[in-house]
Amino acid sequence: MTDVVITDNPAENRYEAHIDGALAGFAVYQLTDDLIVFTHTEVQPEFEGHGVASTLARESLADVRAKGQRKVMPLCPFYKSYMSKHREDYADLIYGS
């Protein structure tokens, strides 16, 4: 399997993960002036178990940090768990922390 490529698709309000040009997964978000709220993450069944969701979370959170405009509210159970497990890396991004 080749690398997972993560892109922001603002027209769909989601970050997308592609492998060899195929949509492997996505993370849906909502934006406010101060927040990005991750609401749902989905990985296509044929790509499950290959780290797609973790790569999606890591790269999308890096993009949020690089833009420097918003805090993160992880309503999606996967993002909430991922950010909790890596709290030392993301404490500065979490809304209310």
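The structure under discussion appears in the preceding block.
Residues numbered from 1 in each chain as written. Predicted model: local features only at pLDDT ≥ 70, side-chain atom pairs only at ≥ 80, totals over all residues. Heavy atoms only, no water.

A. Main features of the side chain of Arg14. Of note, Arg14 is situated in strand β2 (residues 14-19). For Arg14, the side chain forms a polar contact with the side chain of Glu16, separated by 2.8 Å. Apart from residues lying up to four places away in sequence, Arg14 is in contact with Thr7, Asp8, Asn9, Leu23, Phe26, Ala27, Val28 and Tyr29. (Helix = DSSP H or I, 4+ residues; strand = E, 2+ residues; numbered from the N terminus. Polar contact = N/O pair within 3.5 Å; in protein donor to acceptor, adjacent residues only side chain to side chain. Contact = heavy atoms within 4.5 Å.)

B. Structural detail: the environment of His18. Mapped onto the elements of the fold, His18 is located in strand β2. Distance in space between the C-alpha atoms of His18 and Thr32 is 26 Å, their sequence separation being 14 residues. If we ignore the near neighbours within four places in the chain, the residues touching His18 are Asp3, Val4, Val5, Thr7, Leu23 and Ala24.

C. Examining the environment of Ile6 more closely. Assignment of secondary structure puts Ile6 in strand β1 (residues 5-9). Along the sequence, Ile6 and Glu16 sit 10 residues apart, while their C-alpha atoms lie 5.5 Å from each other. Those residues in contact with Ile6 that lie beyond four places of it in its chain are Tyr15, Glu16, Ala17, Thr55, Leu56 and Glu59.

D. Spotlight on the nonpolar core. Counting residues in each nonpolar core, the largest one holds 25 residues, and the members touching the most others are Tyr15, Phe38, Leu61, Val72 and Tyr79. The set of elements that each furnish at least two residues to this core consists of β2, β3 (22-31), β4 (35-43), α1 (52-67) and α2 (77-85). (Core = buried A, V, L, I, M, F, W, Y, C linked by side-chain atoms within 4.5 Å. Buried < 20%, exposed > 50% of the residue type's maximum accessible area, 1.4 Å probe, protein only.)

E. The packing of aromatic side chains, seen in detail. Scanning the model with the defined rule gives 7 aromatic pairs in all. Among the aromatic residues, those joined into a ring-pair cluster are Tyr15, Tyr29, Phe38, Phe78, Tyr79, Tyr82 and Tyr90. (Phe/Tyr/Trp six-rings, centres within 6.5 Å; stacked < 30°, edge-to-face > 60°.)

F. Fine view of the pairing of β1. Sheet topology places β1 next to β2; 5 bridges connect them, and they run antiparallel. The partner of Asp8 across the bridge, within β2, is Tyr15. Linking β1 back to β2 in an antiparallel pair, the connection comprises 4 residues, with Asn13 at a positive phi of about 55°. (Pairing = 2+ DSSP bridges.)

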